[in-house]
Amino acid sequence: MPGRDLGQASACEPWDAERAAGIIAGHARREGATLPILHALQETFGYVDAEAVPLIAEALNLSRAEIHGCLTFYHDFRSEPAGRHIVKLCRAEACQAVGADALHAEVLARYDVAWHGTSRDGQVTVEPVFCLGLCACGPAALVDGEPVGRLDLDTLADALTERAA
Amino acid sequence: MSITLYLPKDAASLALGADRVAKALGRAAAARGLDVTLVRTGSRGLLWLEPLLEVATPAGRIAYGPVRPGDIESLLDAGLAEGGAHRLRIGRPEEHPYLARQQRLTFGRCGIVDPASVEDYRAHGGYRGLEAALAAGPAGIVEAVKSSGLRGRGGAGFPTGIKWNTVMLAAADQKYVVCNADEGDSGTFADRMLMEGDPLTLIEGMTIAAVAVGATRGYIYCRSEYPHAFAALNTAIAAAERAGTLGADVMGSGRAFHLEARLGAGAYICGEETSLLESLEGKRGIVRAKPPIPALKGLFGQPTLVNNVLSFAAVPWILEHGGPAYAAYGMGRSLGTLPIQLAGNVRRGGLIETAFGLTLREVIEEIGGGTASGRPVRAVQVGGPLGAYFPESLFDTPLDYEAFAAKKGLLGHGGIVVFDDTVDLARQARFAFEFCAAESCGKCTPCRIGAVRGLETIDKVIAGESPRENLALVTDLCEVMTDGSLCAMGGLTPVPVMSALTHFPEDFSGRGARLPLAAE
Ligand SMILES: Cc1cc2nc3c(=O)[nH]c(=O)nc-3n(C[C@H](O)[C@H](O)[C@H](O)COP(=O)(O)O)c2cc1C
Ligand code: SF4
Ligand code: FES
C-alpha cells in the first residue's frame, strides 16, 4: 500500500473515542506530533471527528483552539466521512493547459457533485488539488491514492471500477 | 533462461499503466515458463514513452516504450529477451537524443537503480560523496559546496554554501537539517522523481549536510499529494539505517544522524520555509517574519538548515568530484546543472537535466517537439504559479536566474508549462489570484485581501465591465501586493498577473464573458 490517506471509506473503522485515544498516545511523544496524529486518525476513521480535538489537546498539552486551528488550516483533513472512493483532480496550470477545466466540469456533472461533494449513491467524493507532479501527463488525478494520467471520463470510470474490484 | 527486466514505478509511469504492464508480464512469463526478474526502478524522465520497459542484454539495456499490457505477447514473440526488433523498440536509452544531450549529475542513477537497494546504490557509485565528506570534515565540506557555486534549487537561488556556513558556525546543543520536499509548483516534478527513483541520493546529501553543520536530527517534509514518494522515502530510510549509513553511527564515523519523513497536509504555503517549520512543529503553516533566519533560529528555535530536495541531492556529486568540477557547468552566476521539468501541452514532456543556459526555445521546440495538440505555442509559464507567462518573443531567454529576472520572470524550480493558442491569458491571470486567495496563509492583509479583490476585479474585466478602470485597479492592487506582502506568495502573485497583462493585452480587452467560469 503506497502512502496514506487512500481514503476508502470501506476500509475505515467507525469513529471510536477509545481507539482514537490509543492512536493519539502512540504518536504523542514525537516532536511536533499534531500532523502525524491527524493523518493517523483520518487514515483509520476516514475523517477527523470533532471529539478528537480535546483528546489531542490533552495528550499534547496544547489548547483546544490550537488543535482546532491546525485541523482547519490544512486542506487534507475532513470533518465528515467521505464517499467510498476519493477522486482528487488536479486543477493547476499544466493540467489546465491540456483541458482540465472543461474535463472537470464534465466530471462534476457526470457524478452530480460540487467540489468536495459526494455523489448521491455515496460512491465518489471529488476533491480539487493543486498539482500531483504528473504535469507531463495531465489531466491528472489520484483515485484512492493511485495516480491516473491523461484522464478523461472513461479512464476515470475504469480507474474507479479497478479500485472497486 | 533468466531475463532481467526494468520497469519504472515512478508515479507518472504508474499513472500511465505501469502496474498493468507488470501484471501482464508476470502472466505471460508464467505461461511461457520464462524466468523473469522484474526490477522496479524510477523513471528516466522520457515521460511520453512511459511505461518504458528495459531489458538487460550483453550490449547493455535496450528500451521499449510506451508499452501497453496488450504489447507484451508481441514483445516476447519479437525476442524481447535479446533486445529484438519491435515497433516500440527505442534502443539504448543513453543514445536517445532526449537523453544524449543531457548532463545528468543529480539524476545520474534515476531510472537505472533499484531505489530501495543500498547495494545497488553503492554499485552505481553511491556513498562516495559521503566518504569524501567524512574525510574532509565540516569546514572542508562547506568549502566544497561554496566552490561549486550551488544555489538553492527551491526557487530563490540563495547560495547553498553560505547557508551551510551560517548553520555550521551557529552554537547550539541541537541543530536540525530539514529537506523541503513540498514541491507545490505546477509543472514541477523533479523532486518527486528523485525521491521515488533515487531517494538514497537525497538521504546521502542530507547526511553530508548533517556532518557539515553538526546536526544529529533531520526531517524530510514531503507533500501529501505525493504518497508514492513518501513511501519510497520511508523504504529508503529504513534500508540506509539497516546498512549503517544512517542512524546512530554513520558509516562507522561515530556521528549520529536520525532522519524522518513527515507528511504535509495539502497547503501550498507550507513550501515557504518558515511555514514549513511551523507545520513540522505541529502548528498552522503560517509564515514567520524574518529575521531571525532559520539558519540561526529554525525548528523548535534551534539552528536549522533548510534546503530543497535538489539542492541536497546535488551535494554527493559535488563532494565526490569537487566543487570546481560542478562549477564548470552553467553560465554567469547560475552554475552546475538545472533539472528542467517540461510539462503541459507539449509533445515530449519530461525531465531534462542540463547545465544552465539552454534557451527556452531550445527546450520547447527542439527537445519538447512543440505542443501535444499540434497547434502553435502561444504562452509558456516558467517557475510555477508565481512565475511569469512568456510570449514567443521572449523564447530566446536562456535558463539562468539573472536572465529570467531581467525579463521580469523567474526560473524558480525549473518547471516549464507550455500552452497552445487556445489559452486565454485573462483566465490564467484570474487563476493566479484564485490560487493565491485559496492558499494564502492569511497573516498579512495585502495578500489575504488583495488576492480576493484581484479575483473579483478580473472577473469584472472578463465580463466586460469598465475594463480600462478595472485593469488600472488590478495594476494598483498588484503594486500593493508586491510592496506590502510579508512573503513571496503575496509578493509574487502579481508576476503571472502582470506578465499576462503586459504580453497578452488583447485577452483583456473586455469582450464579455466567453466561457462559463467552471471552477466555482
Ligand atoms: C510561497 C512559497 C512556496 C515555496 N515552495 C517551495 C517548495 O515547494 N519547495 C522548496 O524547496 N522551496 C519552496 N519555497 C522556497 C523556500 O522558502 C526556501 O527558500 C527553500 O526551501 C530553501 O531551499 P534552497 O535554498 O535549497 O532553495 C517556497 C517559497 C515561497 C515563498
Ligand atoms: S504574503 Fe500571503 S502567504 Fe505570505 S505571509 Fe502574507 S498572507 Fe501569508
Ligand atoms: S499541474 Fe496537474 S499534475 Fe501538476
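Note that the structure is predicted; figures quoted are calculated from it, not measured.

This part covers the overall build of chain B. Scanning chain B from terminus to terminus reveals 20 helices and 16 strands. Computed over the C-alpha atoms, the radius of gyration of chain B is 24 Å, within 12% of the 24 Å expected from 2.2 N^0.38 for a compact globule of 520 residues. Taken along its principal axes, the extent of the C-alpha atoms in chain B is 75 × 60 × 40 Å. Taking all 520 residues of chain B together, the buried fraction comes to 63%. Partitioning the contacts of chain B with sequence separation of at least 6, the portion at a separation of at least 24 is 71%. Accessible surface for chain B amounts to roughly 17700 Å². Of this, 53% is attributable to carbon and sulfur atoms. For chain B, the distance from the average site of its 50 positive side-chain charges to the average site of its 56 negative ones is 1 Å.

We now examine empty space enclosed by the protein. All names here are of chain B. For the structure shown, the criterion picks out 9 cavities of 30 Å³ or more. The computed volume of the second largest cavity comes to approximately 70 Å³. Lining the second largest cavity we find 13 residues, and of these V287, C441, C444, C447 and C487 sit closest to its centre. Of the residues in the lining of the second largest cavity, the class split is 8 nonpolar, 4 polar and 1 charged.

Residues and elements named next belong to chain B. In the region of ligand 1, 19 residues are neighbours, and G154, N180, N307, N308 and S311 sit closest. Note that an oxygen atom of ligand 1 is positioned 2.9 Å from one of the side-chain N or O atoms of K163. One nitrogen or oxygen atom from the side chain of N308 is found 2.8 Å from an oxygen atom belonging to ligand 1. Starting from 610 Å² of accessible surface for ligand 1 in isolation, the protein chains cover 90%. With respect to the detected pockets, ligand 1 is housed in the largest pocket. Mapped onto the shell around ligand 1, the elements with two or more residues apiece are β9 (304–308) and α19 (488–492).

Below, the discussion takes up the layout of surface pockets. Residue and element names in this part refer to chain B. Its boundaries defined by the atoms lining it, the largest pocket holds a volume of some 1200 Å³. Taken together, 47 residues make up the lining of the largest pocket; nearest its centre are G154, G155, A156, G271 and E272. The set of elements that each furnish at least two residues to the lining of the largest pocket consists of α7 (160–169), β9 and α19. The biggest single contributor to the lining of the largest pocket is β9, with 5 residues.

With that settled, the discussion passes to the UniProt feature "binding site: [2Fe-2S] cluster" (unreviewed entry) in chain A. Here the UniProt-annotated "binding site: [2Fe-2S] cluster" (unreviewed entry) positions come out as C90(A), C95(A), C131(A) and C135(A). A maximum C-alpha distance of 9.1 Å among these annotated residues, which run over 46 residues, shows that they cluster at one spot. Note that C95(A) resides in helix α5 (residues 93–96). The class of C95(A) is buried, set by a relative accessible area of 3%. Leave out the neighbours within four places in its chain, and C95(A) touches C90(A), A100(A), G138(A), P139(A) and A140(A). By the element assignment, C131(A) lies in the loop between β2 (124–129) and β3 (141–143). Among residues more than four places away in sequence, those in contact with C131(A) are C90(A), A92(A), G184(B), D185(B), S186(B), G187(B), T188(B), R223(B) and E225(B).

Turning to the interface of chain B and chain A, a few remarks are in order. Residue-level contacts link 68 residues of chain B with 44 residues of chain A. Summed over both partners, the interface of chain B with chain A comes to about 4200 Å²; 56% of that surface belongs to carbon and sulfur atoms. On the chain B side of the contact with chain A, A265(B), R284(B) and F431(B) bury the most area, a combined 13% of that side's loss. At the boundary of chain B with chain A, the tally comes to 3 salt bridges.

Residue and element names in this part refer to chain A. Where like charges cluster on the molecular surface, the negative patch consists of E106, D152, D154 and D158. The residue D152 is located in the loop between β4 (146–148) and α7 (153–164) in this model. Residue D152 is classed as partly exposed on the basis of its relative accessible area, which comes to 35%.

A separate point is the packing of aromatic side chains. Here the structure, examined in full by the defined rule, presents 17 aromatic pairs over all chains. Ring centres of F390(B) and F404(B) lie 5.3 Å apart, and the angle between their planes is 15°; this geometry places the pair in the stacked category. Taken as a pair, F390(B) in strand β15 (residues 389–390) and F404(B) in helix α15 (residues 401–406) lie far apart in primary sequence, 14 residues in all. Owing to a relative accessible area of 1%, F390(B) belongs among the buried residues under this scheme. Taking the relative accessible area as the measure of exposure, F404(B) reaches 1% and is therefore buried. Residue placement shows R110(A) over the ring face of Y111(A); its charged tip is 4.5 Å from the ring centre. Its guanidinium or amino end placed over the ring of Y6(B), R61(B) lies 3.4 Å from that ring's centre, counting from NZ or CZ.

The next thing to look at is the sheet that holds strand β2 (residues 35–41) of chain B. Residue and element names in this part refer to chain B. The strand order across the open sheet formed by 5 strands is β2-β1-β3-β4-β5, and the pairing between neighbours is mixed. The open sheet terminates on both sides in strands that have one partner only, identified here as β2 and β5 (89–91). For this sheet, the mean inter-axis angle between neighbouring strands, taken without regard to orientation, is 30°. Note that strand β1 (residues 2–8) and β2 share 7 bridges and pair parallel. In the strand pairing of β2, Y6 is matched with V39. Where helix α2 (residues 18–32) meets the sheet, it contacts β1, β2 and β3 (53–57), and its direction lies at approximately 170° from that of β2.

Calculation rules
Residues numbered from 1 in each chain as written. Chains lettered and ligands numbered in written order. Predicted model: local features only at pLDDT ≥ 70, side-chain atom pairs only at ≥ 80, totals over all residues. Heavy atoms only, no water. Helix = DSSP H or I, 4+ residues; strand = E, 2+ residues; numbered from the N terminus. Rg over C-alpha atoms; globule rule 2.2 N^0.38 Å. Buried < 20%, exposed > 50% of the residue type's maximum accessible area, 1.4 Å probe, protein only. Contact = heavy atoms within 4.5 Å. Areas by Shrake-Rupley, 256 points an atom, 1.4 Å probe, with all protein chains shown as cover. Lys, Arg positive; Asp, Glu negative; His and termini not counted. Charge placed at Lys NZ, Arg CZ, Asp CG, Glu CD. 1 Å grid on protein atoms, 1.4 Å probe; cavity = no way out; pocket = protein on both sides within 12 Å on 5 of 7 lines; lining within 4 Å. Points joined across faces, edges and corners; volume = space filled by probe spheres on them. Nonpolar A, V, L, I, M, F, W, Y, C, P; charged D, E, K, R; others polar. Near = heavy atom within 4 Å. Polar contact = N/O pair within 3.5 Å; in protein donor to acceptor, adjacent residues only side chain to side chain. Sits in = over half its atoms within 2 Å of the grid points. UniProt positions renumbered as here; feature names shortened; annotations may be inferred. Buried area = accessible area lost by both parts, 1.4 Å probe. Salt bridge = Lys/Arg side-chain N within 4 Å of Asp/Glu carboxyl O. Patch = residues over 30% accessible without salt bridge, like charges linked within 9 Å, V, L, I, M, F, W, Y side chains within 5 Å. Phe/Tyr/Trp six-rings, centres within 6.5 Å; stacked < 30°, edge-to-face > 60°. Lys NZ or Arg CZ within 6 Å of the ring centre and 35° of its normal. Pairing = 2+ DSSP bridges. Axes fitted to C-alpha atoms, helices over the stretch in contact; angles between N-to-C directions.

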